Amino acid sequence: MSGMSRRQFLKGSALFASGLGTLAIFGCAGNSSSSAASSSASASSAAAASGEYKLVVPGKLTCISNLYFPPFESMDDKTGEPVGFDIDMSKALAEHMGLEVNWKPSQAFDSLVPAIKAGGTADIAIAGMTITDERKQEVDMSDPYVDSNQSIVTKKGSTETKESLNAAGKKIAVQAGTTGEDWAKEHLPAAAAKDGIVPLDDIIAAMTGVQTGSYDALVTDLPVASYQIKNSFSDLQVLEPIATGEQYGIAVSKDNPALTKAINEALAKMEQDGTRAQIEKTWFGSELK
Ligand code: GLN
């Protein structure tokens, strides 16, 4: 945020807040009967129930993600440990299930669903991952825990528009295998026809590339764009929020339905006991309320 005036900051915050107004989080859907039955139960009975589901490491909830998607997941500069909204969610999930959390090293976003489907390396992928029909063919997705949308990001003061970006010769960076890539291919077909939609490993590289002029724009999830612009890329702007109405879910193997059920029960409890609200406050600040 260095170099940013108070006015710019407030403007950024307003945009951030309006973008995240849709980050209303949780319908607290489903499983009300089972969570009501277990809401007074202790962690030990949750642990007893864990016998029903499979874990790659006994007693641990082993998690994978792409750790270049702040504030949902990133690596702490100093320790290299995973940090973020999803990391706190994973810890709270594990706690509510009477388990410990076990984080694996970052991997490419488009390798997460195949890894969960293949089994053996992790129990869940928690990665700001939108629930889509395509993914639901491959893995089970938990109940939604965050609402999200897309955004087009350009340099501040850029004269581009959504229309001008849809032209041969334009370069638009996306993260490979994401809903942002899908959106760009579908809605910027003239750019896409000339290989103008460029899939990258992570969105930080995309932002740096827009900053240096390698790309005219990037498309990514609005909460991530807003957070990054506010905290690290003050020379970029959200050109346009795109209301895609996405919801994030946690990916679990189809061979492990009892785990999906337990995750959904824990999510419902975390909504009721305020854990989720606390994690939201930590990562998105109280100005959103
Ligand atoms: N929500 C987007 C998707 O699921 C992007 C996720 C990400 O890049 N981590 O495709």
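Provided above is the structure to which this section pertains.
Let me begin by describing the structure that accompanies this report. Predicted, not measured: the structure shown is a model, and the values here were computed from it. (Residues numbered from 1 in each chain as written. Predicted model: local features only at pLDDT ≥ 70, side-chain atom pairs only at ≥ 80, totals over all residues. Heavy atoms only, no water.)

By nearness alone, every residue bordering the ligand is listed as Phe69, Phe109, Ala127, Gly128, Met129, Thr130, Arg135, Gln175, Thr178, Thr179, Asp221 and Tyr248. A distance of 2.8 Å separates a nitrogen atom of the ligand from a polar atom in the backbone of Gly128. Thr179 is positioned such that a nitrogen or oxygen atom in its backbone is 2.8 Å from an oxygen atom of the ligand. Protein chains shield 100% of the accessible area of the ligand, which is 300 Å² for the free molecule. Mapping the ligand onto the cavity grids shows that it belongs to the largest cavity. Considered class by class, the residues forming the shell around the ligand number 5 nonpolar, 5 polar and 2 charged. (Near = heavy atom within 4 Å. Polar contact = N/O pair within 3.5 Å; in protein donor to acceptor, adjacent residues only side chain to side chain. Areas by Shrake-Rupley, 256 points an atom, 1.4 Å probe, with all protein chains shown as cover. 1 Å grid on protein atoms, 1.4 Å probe; cavity = no way out; pocket = protein on both sides within 12 Å on 5 of 7 lines; lining within 4 Å. Sits in = over half its atoms within 2 Å of the grid points. Nonpolar A, V, L, I, M, F, W, Y, C, P; charged D, E, K, R; others polar.)

Turning our attention to the sheet that holds strand 7 (residues 146-155). Taken together, 5 strands build an open sheet; the order of strands is 9-8-10-7-11 and the sheet is mixed. Across the chains shown, the open sheet's two edge strands, defined by having one partner strand only, are strand 9 (197-200) and strand 11 (236-248). Averaged over neighbouring strand pairs, the angle between their axes works out to 25° when direction is ignored. With 4 bridges connecting them, strand 8 (residues 172-175) and strand 9 associate as parallel partners. Residue Ala173 lies in a different strand from strand 9, and its bridge partner there is Val198. (Pairing = 2+ DSSP bridges. Helix = DSSP H or I, 4+ residues; strand = E, 2+ residues; numbered from the N terminus. Axes fitted to C-alpha atoms, helices over the stretch in contact; angles between N-to-C directions.)

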